[in-house]
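Listed below, chain by chain, are the residues.
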Amino acid sequence: MWFEKWIVGKRTFDQLVTETGLSMSTVQRLFKRYLKEPPMLSVYPSERVNLLIDGTYFTKDLCLILYRDNTIKFTQLYRFSDGERYEELKEDLVNLLILGVQIESITCDGHRALLRAIRKVCPHVTLQRCVIHVQRMCRIWLSSNPKSIPGQELRKIVSTLHQIQSKKELSYWLLDLANWDARHHQFVHEKTVNPITGKFWYKHKLLRRSFYVLTSALPNLFAYLDNPRIPKSTNGLESFFGHLKTNLNIHRGLSTRNRKSFLKWYLYFKNSRRKGFL
């Protein structure tokens, strides 16, 4: 009980010493034993699972990738790695299917390795690109105050992306985007040519990049309109990561091994609390 409070309850050693009446060395010795033997997660086989898949970094070589059931808020699988790698992501998806997780949809940020793994392992699963991630990337490339009229207009269109809640609203939004492209197509594709080498580059490359990341995501950007069970963003998982990092930061100084063990225990305790509702 006290160990769980240390992991997910944000208790410090000093607080636990006061609450338990045990000495500091005793509490640390007991917790060290638990950290040496972290638990394994058990998959919850279920139908129509709407997965959120995303990774977060704790250090440059420690990345935690989660496969989380959005409907029941349950982590089905996790992996520690140094990045989001195709072979590992493919293996994880295969294992989920083998363990009885019937995937209805996957919401992700559009990482190339993950998209490739999804198409390889479960090509018939509905894919939902994270609307907020696409919107955020477009805003970064457009900047907060675009200097050009096309940039200003596209930013306004992008700013309403997350507000689309119906097919009718989508049709109006797509019309705005198509009209924007018709007005500014020549401007977006304007080139500068080096007279000596003959090589060229696009004059408005960030504007062009923003437009193309938006249009390339369109086929998988509005699946949530057809199925309300599908989350349109990975915000729920990012919030989970935020709480996890806050808890971990309270216990600075853990070794890499104990940091991984802490994360495993955190996921285990969070899942255990959800099992009471399953």
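So, how was this worked out
- Residues numbered from 1 in each chain as written.
- Predicted model: local features only at pLDDT ≥ 70, side-chain atom pairs only at ≥ 80, totals over all residues.
- Heavy atoms only, no water.
- Helix = DSSP H or I, 4+ residues; strand = E, 2+ residues; numbered from the N terminus.
- Expected span 1.5 Å × (residues − 1).
- Buried < 20%, exposed > 50% of the residue type's maximum accessible area, 1.4 Å probe, protein only.
- Arc of directions from axis to C-beta.
- Pairing = 2+ DSSP bridges.
- Salt bridge = Lys/Arg side-chain N within 4 Å of Asp/Glu carboxyl O.
- Axes fitted to C-alpha atoms, helices over the stretch in contact; angles between N-to-C directions.
- Contact = heavy atoms within 4.5 Å.

### Details of helix H3 (residues 24–36)
- Compared with an ideal rise of 1.5 Å per residue, which puts 13 residues at 18 Å, H3 spans 18 Å between its outermost C-alpha atoms and is within 8% of the ideal.
- Those residues of H3 that fall on the buried side of the exposure criterion are Val27, Phe31 and Leu35. The buried residues of H3 occupy an angular sector of 70° when the element is viewed end-on, so they sit on one face. Facing away from the buried side of H3, by more than 90 degrees, are the exposed residues Lys32, Arg33 and Lys36.

### A short note on the pairing of strand S1 (residues 49–59)
- With nine of its 11 residues buried, S1 lies for the most part within the structure.
- In this sheet, strand S4 (residues 103–108) lies alongside S1 in parallel orientation, the contact comprising four bridges. Across the sheet, Leu51 pairs through a bridge with Ile106, a residue of S4.
- Summarising the sheet, S1 and strand S2 (residues 62–69) pair through eight bridges and their orientation is antiparallel. By the bridge assignment for S2, Thr56 is matched with Leu64.
- Remark: two residues form the turn of the hairpin made by S1 and S2, two consecutive strands paired antiparallel.

### Notes on unusual backbone geometry
- In this model, Lys73 sits at a positive phi of 55°, which is unusual for a non-glycine residue.
- Phi angles above zero are rare outside glycine, and Ser143 is one such case at about 75°.
- Along the chain, the position of Ser143 falls in the loop between helix H6 (131–142) and helix H7 (149–159).

### Examining the pattern of salt bridges
- If you walk through the whole model with that rule in mind, you get 13 salt bridges.
- Among the ionic pairs, Arg136 bridges to Glu238, the shortest N-O distance being 3.8 Å. Of this pair, Arg136 sits in helix H6 while Glu238 sits in helix H10 (residues 235–250), and the two are 102 residues apart along the sequence.
- Lys203 is paired through a salt bridge with Glu190; the nearest N and O atoms lie 3.2 Å apart. Residue Lys203 is located in the loop between strand S7 (200–202) and helix H9 (205–217), and its partner Glu190 is located in the loop between helix H8 (167–188) and strand S6 (191–193); the two are separated by 13 residues in the primary sequence.
- On the accessibility criterion, Lys203 (43% relative accessible area) is partly exposed.
- Through salt bridges with shared partners, one network takes in Arg79, Glu88, Glu91 and Asp92.

### Concerning the sheet that holds S2
- What the five strands build is an open sheet, ordered S3-S2-S1-S4-S5; its pairing is mixed. Each having just a single partner strand, strand S3 (74–81) and strand S5 (126–129) make up the two edges of the open sheet. Ignoring strand direction, the axes of neighbouring strands in this sheet form an average angle of 20°.

### What to know about the side chain of His251
- Tracing the sequence through the fold places His251 in the loop between H10 and helix H11 (256–275).
- Among the residues examined, His251 registers a relative accessible area of 8% and is labelled buried.
- Those residues in contact with His251 that lie beyond four places of it in its chain are Trp6, Arg11, Thr12 and Phe262.

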